[in-house]
Amino acid sequence: MELKRINDHVSVSGQIQPEDVKTLKDLGFVAIVNNRPDGEAPDQPAGAEIEAAAKAAGLAYHAIPLGREGVNPDLVNATKAVLEGSNGKVFCFCRSGTRSTTLWALSQAGEAPADQIIAQAAEAGYDMSHLAGYLGQK
């Protein structure tokens, strides 16, 4: 698991395994957001397995899968609600972290300047410059 810190509140990574949940708890995360739909890859653990591990560790678990249908306002709003409703650090994952970073960035539109959102994503290794037009809107 390669954690990439977006800011003090949010970190992302690629696919995790149920056994990674304890490490996330030990690192101080309070919630896990799964942005990967089940069944994308044969070696991918089911979301229910990660959810069970999260609950056993005392972490909140949220499934907000971003699949081939693409981003929509419901996904962005759900992401924003989880981030605003979590009292502590939130960990988001998908296959590579890009979808998680995209949803984070879009959930911050109107909350922070677009250049700040893009810079935070870039520091974590994700190019969100293509979202600049959306990030300047609320």
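The structure contained in this document is the topic of the report that follows. Note that residues are indexed from 1 along each chain, following the sequence as it is written. Note on the predicted model: pLDDT of at least 70 is required for a residue's local features to be given, and 80 or more for side-chain atom pairs to be given and counted; whole-chain, interface and lining totals, by contrast, use all residues. Just so you know, side-chain values use all the structure's heavy atoms and leave hydrogens and water out.

### Brief notes about the pairing of strand β3 (residues 29–34)
Here's step 1: Relative accessibility decides the category of a residue: with a 1.4 Å probe and only protein chains considered, values under 20% of the type maximum give buried, values over 50% give exposed, and everything between is partly exposed. Only runs of H or I of at least four residues qualify as helices and only runs of E of at least two qualify as strands under DSSP, and these elements are numbered from the N terminus. The buried fraction of β3 amounts to five of the six residues, a majority that puts the element mostly inside the structure.
Here's step 2: Pairing between strands is defined by DSSP: at least two bridges between the two strands are required. Across five bridges, β3 lies against strand β5 (residues 89–93) in parallel orientation. Across the sheet, the residue bridging to Ile32 is Phe91, located in β5.
Here's step 3: Bridge analysis of β3 against strand β4 (residues 60–63) gives four bridges, and the strand direction is parallel. Along β4, the bridge assignment pairs Ala31 with Ala60.
Here's step 4: Call a crossover right-handed when, viewed with both strands pointing away from you, the route from the first strand across the helix to the second goes clockwise. For the handedness criterion, the β-α-β arrangement of β3, helix α2 (residues 47–57) and β4 is classed as right-handed.

### Things to note about the environment of Thr101
Here's step 1: Considering the arrangement of structural elements, one finds Thr101 in helix α4 (residues 98–107).
Here's step 2: Judged by its relative accessible area of 0%, Thr101 falls in the buried class.
Here's step 3: When the C-alpha positions of Thr101 and Ala121 are compared, they lie 6.9 Å apart, and in sequence the two are 20 residues distant.
Here's step 4: Think of a polar contact as two N or O atoms within 3.5 Å of one another; within protein, one of them needs to be a possible hydrogen donor and the other a possible acceptor, and neighboring residues in sequence only count if both atoms come from side chains. At 2.8 Å, the side chain of Thr101 and the backbone oxygen of Gly97 are in polar contact.

### With respect to the environment of Ala53
Here's step 1: As for its placement among the helices and strands, Ala53 is situated in helix α2.
Here's step 2: Taking the relative accessible area as the measure of exposure, Ala53 reaches 18% and is therefore buried.
Here's step 3: As a C-alpha pair, Ala53 and Glu19 span 34 residues in sequence and 7.5 Å in three-dimensional space.
Here's step 4: Contact criterion: two residues are considered in contact whenever any of their non-hydrogen atoms come within 4.5 Å of each other. Aside from chain neighbours lying at most four places away, what touches Ala53 is Pro18 and Val21.

### Thoughts on the pattern of salt bridges
Here's step 1: The term salt bridge refers to a side-chain nitrogen of Lys or Arg lying within 4 Å of a carboxyl oxygen of Asp or Glu. The final tally for this structure, using the stated rule, is seven salt bridges.
Here's step 2: As a salt-bridge pair, Arg5 and Asp8 come within 2.2 Å of each other at their nearest N and O atoms.
Here's step 3: For Arg5, a relative accessible area of 49% gives the class partly exposed.
Here's step 4: The salt bridge partner of Glu40 is Arg36, with a shortest N-O separation of 2.6 Å.
Here's step 5: Looking at Arg36, the relative accessible area reads 7%, which means it is buried.
Here's step 6: The network of salt bridges with shared partners includes Arg36, Glu40 and Arg99.

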